[in-house]
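# Chain and residue survey
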Amino acid sequence: MNIQTALKKGQLILRNNNIQSAQLDSEILMSEAIKKDKKFIILNSDEEIKKRELNYFDFLINERAKRKPVAYITKKKDFWKYEFFVNENVLIPRPDTEILIEQVLEITKNKSKLKILDIGIGSGCILLSILKEKKNSRGVGIDLSSKTLKISRFNSHKLRVGNRLRLYKSNIDNFHTGKYDLIISNPPYISKVKLKCLEKDINFEPRQALDGGFDGLSEIRKIIDKSSRLIKTKGFLILEIGFDQKIKVKRILQKKGFYIKKIVKDLSNNNRCIVSIKI
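Presented here is an overview of the structure given in this document. Just so we're clear, the structure is a prediction, and the values are computed from it rather than from any experiment. (Residues numbered from 1 in each chain as written. Predicted model: local features only at pLDDT ≥ 70, side-chain atom pairs only at ≥ 80, totals over all residues. Heavy atoms only, no water.)

## Some details on the packing of aromatic side chains
Scanning the entire structure with this criterion turns up four aromatic pairs. When the ring of Tyr56 is compared with that of Phe59, the centres are 6.5 Å apart and the planes differ by 15°; the resulting orientation is stacked. One end of the pair, Tyr56, and the other, Phe59, are both in helix α4 (residues 51–65), three residues apart, so they sit about a helical turn from each other. We classify Tyr56 as partly exposed; its relative accessible area is 31%. Looking at Lys36, its charged tip hangs above the ring of Phe40, at a distance of 5.1 Å from the centre. (Phe/Tyr/Trp six-rings, centres within 6.5 Å; stacked < 30°, edge-to-face > 60°. Helix = DSSP H or I, 4+ residues; strand = E, 2+ residues; numbered from the N terminus. Buried < 20%, exposed > 50% of the residue type's maximum accessible area, 1.4 Å probe, protein only. Lys NZ or Arg CZ within 6 Å of the ring centre and 35° of its normal.)

## Description of the side chain of Glu63
With respect to the helices and strands, the residue Glu63 is situated in helix α4. The exposure class of Glu63 is buried, given its relative accessible area of 14%. Engagement of the side chain of Glu63 in a polar contact is seen with the side chain of Lys66, the distance being 3.0 Å. Once you skip the residues sitting within four places of it in the chain, Glu63 turns out to touch Lys68 and Ile73. (Polar contact = N/O pair within 3.5 Å; in protein donor to acceptor, adjacent residues only side chain to side chain. Contact = heavy atoms within 4.5 Å.)

## Topic: the packing of helix α10 (residues 218–230) against helix α11 (residues 246–255)
In contact at an axis separation of 9 Å, α10 and α11 are set at 25° when each is read in the N-to-C sense. Between α10 and α11, the angle is such that the two are roughly parallel. Where α10 crosses over α11, the handedness of that crossing is right-handed. Residue-level inspection shows Ile220, Arg221 and Ile224 of α10 in contact with α11, the latter providing Val249, Ile252 and Leu253. Within the contact of α10 with α11, the residues separate by chemical class into five nonpolar, no polar and one charged. (Axes fitted to C-alpha atoms, helices over the stretch in contact; angles between N-to-C directions. Parallel < 35°, antiparallel > 145°, perpendicular 65-115°, else oblique. Left-handed = near helix turned anticlockwise from the far one by under 90°. Nonpolar A, V, L, I, M, F, W, Y, C, P; charged D, E, K, R; others polar.)

## With respect to the pairing of strand β8 (residues 258–265)
Sheet analysis places β8 next to strand β9 (residues 271–278), joined by seven bridges and oriented antiparallel. For Ile260, the partnering residue across the bridge sits in β9 and is Ser276. In this structure, the hairpin formed by β8 and β9 is closed by a connection of five residues, where Asn269 is found at a positive phi of approximately 70°. (Pairing = 2+ DSSP bridges.)

## A short note on the pattern of salt bridges
In total, this model carries 23 salt bridges according to the counting rule given. For Asp244, the salt bridge identified is with Lys194, shortest N-O distance 2.7 Å. Of this pair, Asp244 sits in the loop between β7 (231–240) and α11 while Lys194 is found in helix α9 (residues 192–195), placing the two residues 50 residues apart along the sequence. If you follow the salt bridges from partner to partner, you end up with Glu63, Lys66, Lys68, Lys75 and Glu88 in one network. (Salt bridge = Lys/Arg side-chain N within 4 Å of Asp/Glu carboxyl O.)

## Some details on the nonpolar core
In a soluble, globular protein the nonpolar side chains are often hidden away together inside. If you look at the biggest cluster of nonpolar residues, it comprises 30 residues, and the most contacted ones within it are Ile116, Ile184 and Ile238. Elements supplying a minimum of two residues to this core: β2 (82–85), α6 (98–107), α7 (125–133), β5 (165–169), β6 (180–185), β7 and β9. At six residues, the largest contribution of residues to this core is made by α7. The contacts of Ile238, once residues within four sequence positions are left out, are Leu100, Gln103, Val104, Ile107, Leu182, Ile183, Ile184, Ser185, Cys273, Ile274 and Val275. Grouped together as the second largest cluster of nonpolar side chains are 29 residues, Leu230, Leu237, Leu253 and Ile260 included. (Core = buried A, V, L, I, M, F, W, Y, C linked by side-chain atoms within 4.5 Å.)

## Focus on the state of the cysteines
In the structure shown here, the tally under the stated rule is zero disulfides. Looking at Cys125, it has no disulfide partner, and the nearest cysteine sulfur is the one in Cys273, 13 Å off. Taking relative accessible area as the criterion, Cys125 reaches 8% and is therefore assigned buried. What makes Cys273 buried here is its relative accessible area of 0%. (Disulfide = S-S within 2.5 Å.)

Right under this line is the structure:
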């Protein structure tokens, strides 16, 4: 069987399982199966696939048909300018979260030697991307999960910033180490009610990285409260938020002594990021 025929077969299976991105997913999984890039697949669509590679492709397609996310199947996800190792222990990096990187680089363009804290570091995609851009800065990441911290550490070595990173297994309530120029977080912000209505793909992701409690704000409240004590005066706190949380999060920030510098919209024109300053 050649590449083109196998791709069509894979796409059909995915479409029959109501996967909207069937063509793209099939191409990504074919790349993984034959260890070639997308350009090769397009230019060599008539090339025969070895039986072992075809069997592997069929396996990958069947995994995706179960709604397992492509990033968890391939164990990798592109974010910002880099490729990160991911598995079911960490949230899959989203393009909208790159907004946080853009904002950090904009507000710190004339600053160096920053001390940065990432609350709920996950795969490390946010903090490690910033450390790659800010060569003289150092980062601290905290997370509740030992497995998650291992992934962050792996990615930090992969991106060659491990010597500027310290990791702690802790929740935000019990973390008291350091004073920071910049605190960033993509916290759990989905309410318990909305968690039940998410797409099946998201059920594969770690619940503690999504569950924001009854109103979606329980973790955000904790992060803002503790950040008000961990951050330096005139330091920046940058948070990712749910599209409908702007007003409530603004109020929480203001009560804890933060000035709202700006609110940034995502690729779908929804409110997604709040940039605030400790006053």
